[in-house]
Amino acid sequence: MWLVLLIIIAVWVIFGVKEIRVKWISEPLFNYFKRALPELSDTEKEAMKAGDTWWDASLFSGKPDWKMWLHSGKPRISDEEQAFVNNELKSLMAMLDESQITAQGDLPESVWKYLKEQGFFSMIIPKSFGGREFSAQANSVIVSTIATRSLSAAVTVMVPNSLGPAELLLHFGTQEQQQHWLPKLATGEVIPCFALTSLHAGSDAGGINDYATICKQEFEGKETLGLSVTWSKRYITLAPVADVLGLAFKVYDPEHLLGEQVELGITCALIPTAHSGVIKGERHDPMGLAFMNGTTEGKDIFIPLDWVIGGQDGVGIGWRMLVSCLSAGRGISLPALSAGTAQLCSRATSAYSQLRYQFKQPIGQFEGVQSALARICGLTYSIEAGRENTALAVDLNKKPSVITAIAKYHLTEQARVVINDAMDVHGGKAIQKGPLNYLANHYAGMPISITVEGANILTRNLMIFGQGASRCHPFILKEMEAVQLEDKDQGLKEFDKLLLSHLIHSGTNSLKALFNGLTVARFVSSPVSGEVARYYQLLTWYSQVLAVLSDIAMLRLGGALKYREMQSARLGDMLSHLYLASCVLKKYEDDGHQCGDLPLVRVAMAYHLTNYSQAAKAFIENFLPRGLRGVVKRVIFPLGTRAFGPSDDEVKSLCSSVFENSNTRNRISAFCDSNGMVGLEKLEEALSIAKQAKPAYHDFLRWQRKHSATIYDKTITQQLHQACESGQISEGDKDTLEKWLKLRDEALSVDTQSAQ
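Below is a summary of the structure that appears in this document. Keep in mind the model is a prediction, meaning the values are calculated, not measured.

### Overview of the overall build of the protein
(1) Moving on: Within the protein one finds 32 helices and nine strands.
(2) Moving on: Taking 2.2 N^0.38 as the reference for a compact globule, 756 residues should give roughly 27 Å; the C-alpha atoms of the protein span a radius of gyration of 29 Å, in line with that estimate.
(3) Moving on: The buried share of the protein, reckoned over its 756 residues, is 57%.
(4) Moving on: Working note: accessible area of the protein is about 31800 Å², and carbon and sulfur atoms make up 53% of it.
(5) Moving on: Across the protein, the centroid of the 75 positively charged side chains sits 8 Å from that of the 80 negatively charged ones.

### Considerations on the side chain of Asn509
(1) Moving on: Considering the arrangement of structural elements, one finds Asn509 in helix H21 (residues 488-519).
(2) Moving on: Owing to a relative accessible area of 4%, Asn509 belongs among the buried residues under this scheme.
(3) Moving on: Not counting residues up to four positions away in its chain, the partners in contact with Asn509 are Ser61, Gly62, Gln544, Ala547 and Val548.

### Some remarks on the layout of surface pockets
(1) Moving on: There is about 700 Å³ of room inside the second largest pocket.
(2) Moving on: Surrounding the second largest pocket, 30 residues form its lining, Val85, Val141, Thr145, Ala670 and Phe671 being those nearest its centre.
(3) Moving on: If you list the elements that add at least two residues to the lining of the second largest pocket, you get helix H6 (79-95), helix H9 (136-147), helix H15 (367-395) and helix H27 (662-668).
(4) Moving on: In terms of residue class, the lining of the second largest pocket is built from twelve nonpolar, seven polar and eleven charged.

### As for empty space enclosed by the protein
Rolled over the atoms, a probe with the dimensions of a water molecule shows which regions are left empty.
(1) Moving on: Inspection of every chain in the model, using the stated rule, returns two cavities of 30 Å³ or more.
(2) Moving on: Each pocket or cavity is described by its volume, and for the largest cavity that value is around 40 Å³.
(3) Moving on: If you trace the largest cavity, you find it lined by Cys193, Ala239, Leu245, Thr273, Lys280, Thr295 and Thr296.
(4) Moving on: Residue composition of the lining of the largest cavity, grouped by class: three nonpolar, three polar and one charged.
(5) Moving on: Computed from the structure, the second largest cavity encloses a volume of approximately 30 Å³.
(6) Moving on: Those elements that provide at least two residues to the lining of the second largest cavity are helix H14 (327-355) and helix H17 (440-451).
(7) Moving on: By residue number, the principal contributor to the lining of the second largest cavity is H17, which donates four residues.
(8) Moving on: Here the lining of the second largest cavity is built from residues that sort into three nonpolar, five polar and no charged.

### Here we look at helix H22 (residues 533-557)
(1) Moving on: Taking 1.5 Å of rise per residue, 25 residues should cover 36 Å, and H22 covers 37 Å from first to last C-alpha, within 8% of that figure.
(2) Moving on: For H22, the tally of buried residues reaches 22 of 25 residues, placing the bulk of the element in the interior.

### Here's the deal with the pairing of strand E5 (residues 263-272)
(1) Moving on: The buried fraction of E5 amounts to seven of the ten residues, a majority that puts the element mostly inside the structure.
(2) Moving on: When strand E4 (residues 244-252) meets E5, the two strands line up antiparallel, connected through nine bridges. Residue Gly246 lies in a different strand from E5, and its bridge partner there is Leu270.

### Side note on unusual backbone geometry
(1) Moving on: Non-glycine residue Lys360 carries a positive phi angle of around 70°.
(2) Moving on: Locating Lys360 in the fold gives a position in the loop between strand E8 (357-358) and strand E9 (361-362).
(3) Moving on: Even without glycine at this site, His593 takes up a positive phi of about 55°.
(4) Moving on: Structurally, His593 can be placed in the loop between helix H23 (565-590) and helix H24 (598-623).
(5) Moving on: Residue class for His593 comes out partly exposed when judged on its relative accessible area of 44%.

### Digging into the pattern of salt bridges
(1) Moving on: Summed over the entire model, instances satisfying the criterion amount to 24 salt bridges.
(2) Moving on: The residue Arg629 makes a salt bridge to Glu621 at a minimum N-O spacing of 3.6 Å.
(3) Moving on: The exposure class assigned to Arg629 is buried, which follows from its relative accessible area of 18%.
(4) Moving on: Here the salt bridges share partners, and the residues they tie into one network are Arg347, Arg665 and Glu684.

### Let's talk about the environment of Gly294
(1) Moving on: Take Gly294: it is sitting in strand E7 (residues 293-304).
(2) Moving on: For Gly294, a relative accessible area of 0% puts it in the buried group.
(3) Moving on: Between the C-alpha atom of Gly294 and that of Gly281, which follows or precedes it by 13 residues, the distance is 6.6 Å.
(4) Moving on: Excluding its chain neighbours within four sequence positions, the residues that come into contact with Gly294 are Arg234, Tyr235, Ile236, Ala239, Pro240, Glu282, Arg283 and His284.

### Thoughts on the side chain of Glu684
(1) Moving on: Within the secondary structure layout, Glu684 lies in helix H28 (residues 678-688).
(2) Moving on: Setting aside chain neighbours within four positions, we find Glu684 in contact with Arg347, Arg665 and Ser674.

### Some details on helix H29 (residues 690-706)
(1) Moving on: With 17 residues, H29 extends 23 Å from end C-alpha to end C-alpha; this agrees with the ideal 24 Å at 1.5 Å per step.
(2) Moving on: At Ala696, H29 is deflected by roughly 30°, the largest bend along its length.
(3) Moving on: Listed as buried for H29 are Ala690, Ala693, Ala696, Tyr697, Phe700, Leu701, Trp703 and Gln704.

### Some thoughts on the packing of H9 against helix H10 (residues 151-158)
(1) Moving on: Relative to each other, H9 and H10 sit at 155°, their axes nearing to 7 Å. Compared by their axis directions, H9 and H10 come out roughly antiparallel. Facing H9, whose interface residues are Val143, Ile146 and Ala147, H10 presents Leu151, Ala153, Ala154, Val157 and Met158.
(2) Moving on: Its residues placed into classes, the contact of H9 with H10 shows eight nonpolar, no polar and no charged.

### Focus: the packing of aromatic side chains
(1) Moving on: Evaluation of the coordinates by the stated rule reveals 22 aromatic pairs.
(2) Moving on: Ring geometry for Phe84 versus Phe134: centroids 5.2 Å apart, planes at 75°, classification edge-to-face. Remark: Phe134 occurs in the loop between helix H8 (109-117) and H9 and Phe84 occurs in helix H6; sequence separation between them is 50 residues. For the pair Phe84 and Phe134, a shared accessibility class is recorded, and that class is buried.
(3) Moving on: When the centroid spacing of 6.3 Å and the interplanar angle of 75° are considered together, the rings of Tyr357 and Trp740 count as edge-to-face. With a gap of 383 residues between them, Tyr357 in strand E8 and Trp740 in helix H32 (residues 731-748) connect regions that are remote in the sequence. Across this residue pair, the class does not change: Tyr357 and Trp740 are buried.
(4) Moving on: Against the face of Trp69 rests Lys586, its NZ or CZ located 5.8 Å from the ring centre.

### Quick notes on the pairing of strand E2 (residues 211-219)
(1) Moving on: Across nine bridges, the pairing between E2 and strand E3 (residues 222-237) is antiparallel. For Thr213, the partnering residue across the bridge sits in E3 and is Ser228.
(2) Moving on: What sits between E2 and E3 in their antiparallel hairpin is a turn of two residues, with Glu220 showing a positive phi close to 55°.
(3) Moving on: Pairing between E2 and E4: three bridges, direction parallel. Of the residues in E4, the one forming a bridge with Tyr211 is Lys250.

### Observations regarding the environment of Gly507
(1) Moving on: With respect to the element layout, Gly507 can be found in helix H21.
(2) Moving on: Separated by 383 residues in the primary sequence, Gly507 and Ile124 have C-alpha atoms spaced 46 Å apart.

Calculation criteria
- Residues numbered from 1 in each chain as written.
- Predicted model: local features only at pLDDT ≥ 70, side-chain atom pairs only at ≥ 80, totals over all residues.
- Heavy atoms only, no water.
- Helix = DSSP H or I, 4+ residues; strand = E, 2+ residues; numbered from the N terminus.
- Rg over C-alpha atoms; globule rule 2.2 N^0.38 Å.
- Buried < 20%, exposed > 50% of the residue type's maximum accessible area, 1.4 Å probe, protein only.
- Areas by Shrake-Rupley, 256 points an atom, 1.4 Å probe, with all protein chains shown as cover.
- Lys, Arg positive; Asp, Glu negative; His and termini not counted.
- Charge placed at Lys NZ, Arg CZ, Asp CG, Glu CD.
- Contact = heavy atoms within 4.5 Å.
- 1 Å grid on protein atoms, 1.4 Å probe; cavity = no way out; pocket = protein on both sides within 12 Å on 5 of 7 lines; lining within 4 Å.
- Points joined across faces, edges and corners; volume = space filled by probe spheres on them.
- Nonpolar A, V, L, I, M, F, W, Y, C, P; charged D, E, K, R; others polar.
- Expected span 1.5 Å × (residues − 1).
- Pairing = 2+ DSSP bridges.
- Salt bridge = Lys/Arg side-chain N within 4 Å of Asp/Glu carboxyl O.
- Bend = angle between axes of the 7 residues up to and from the residue.
- Axes fitted to C-alpha atoms, helices over the stretch in contact; angles between N-to-C directions.
- Parallel < 35°, antiparallel > 145°, perpendicular 65-115°, else oblique.
- Phe/Tyr/Trp six-rings, centres within 6.5 Å; stacked < 30°, edge-to-face > 60°.
- Lys NZ or Arg CZ within 6 Å of the ring centre and 35° of its normal.

What follows is the structure, encoded as structure tokens:
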């Protein structure tokens, strides 16, 4: 007892008496962090300044504000946007035949014309410039819907409404530049592209070797201050058909025409592709898809400073422009492609597994197929939840760089799982290309989403936690700024105040994590009641665990944590699955507690909680010294994580809900309209009478088994007539079965080369 009391007194003296705390705690840690923090590159500093935090910061704090989250707004589109979806978008969908598009290697001219005339390229451009001025949510819905039918068309629509000339002009362009370019971009008179990636620089924009020199040359009859630009870019979507090229390059001023500094930094400019010397290079072939993608280059091309986005003031701030506008690609476009792919897979696979029979029963009755189908549908629900709420953040005028990175990485990876499972269930039908194959082009296109806007390996290992932790943490960024102050005494003073608050924060989270671990979070309050309340309790506990492990990691490694990519990635996975799980719960609330969706919620939550648990365990095992692992586990997970994969009953319940409840199936594939999509259309037509035909079909199968020795050489039509004559099935059943079996055969058929 006395020993415990002495320890309490000692701790109080050390931390409560400022002079002692500063000398023995704050100053040593201040010096440690000053040594440990690496010198940040210019691009890293810009990335740190860009964007802001949202729900991610609340999750990172260990005390998520669930009421704020659930009342942050429902993902909705306006009446005007819905009218566009019902009319212009519906008309576009009827014009798209992905099999034909890929065979021809381009969208039909009529589709290009329609996209331009109806404003599909102007969704982010304000009405004052002739654009549609749609919300991020509407932009996302439109791209998702197109993606269910044609990835080639979806990417073509996506790019002008993503990171590129229009986005950059709106945020950084001069008034003259906006007035000149935005009306032309809105009407489709001018097709844009944006060129960042070069041979030796992809996600590392700081590594680009495309360059420009400040100089004076004659331009349009008079001496003009400008740039002599040299570049060679690749993988540039729309480059083969672009009229204006957005270009990123480094600028140098060796003659000091703009000032004393020689290296001015990354700069973005708009260059008409008709400008003398600009080369539209060879076209690439992105996995056989038909969207335009290719190269562009130029050598010593002179452009006036007026062509720099933002004019002369825009020289050197190109990286800030890019990281400030990344939410469009990462937070809207790529999640939209993932949602479209997943909804197509859910709709098609849920139908196919009821129509395809093996061993005298639908393959959807086999537990192995049910496991795959449950994963497809559960992840589709999760992807849609992540898509909706990430777009909502953009519409709330947030620029949550961490959340958009999470959405880019995890939703594309989940879509990859979904398309792989769908291909597996479809078997041979999925690998024979042609109009009847609705999966092949999406399967081929999946790696494209994985690759663009920052390859997924980089996004997971460096961006989500490596760059995001300091933004989300309530104290780390401020402590970093204090450590880097030139006035050491002032820096130590600021650091000491922050450190005390940080220690209280960490201690509180540790105690909460321990208590919730011992009680399995049973006493955590939930904003809702019912079955899903348990998920809120677990996520609150897991939020506290993340806060504790993050503090341990940053205390041990400081700024060097970003170089421990495996550990940074695991902490990022923990944050990511917390975010996506909370999106699932919010979607369930926003949609009005649909009873048929509860099995989807269970499977989706099991996926996220299990992956969170695996990431936490892997972090502890690989990051902490052997002697400390057990201590930390006993503090945060004294009784285990309580996270398990979906149970067999949950898998069966989900499949039953999708098979028996057409409303559930329609909700998880709401963007996927089968009309005009021949392969899917045949599936839907056969499925529409499958329930009606099923009882008679099983009677007919029993009759077949009984008479197999005498009917093997008879056609199905002849067999049905004999079964009817024998009294096994009725005349009405015979007609229904004859129609259904014909439709089913058509739905399960594949194309041959001669038929294409």
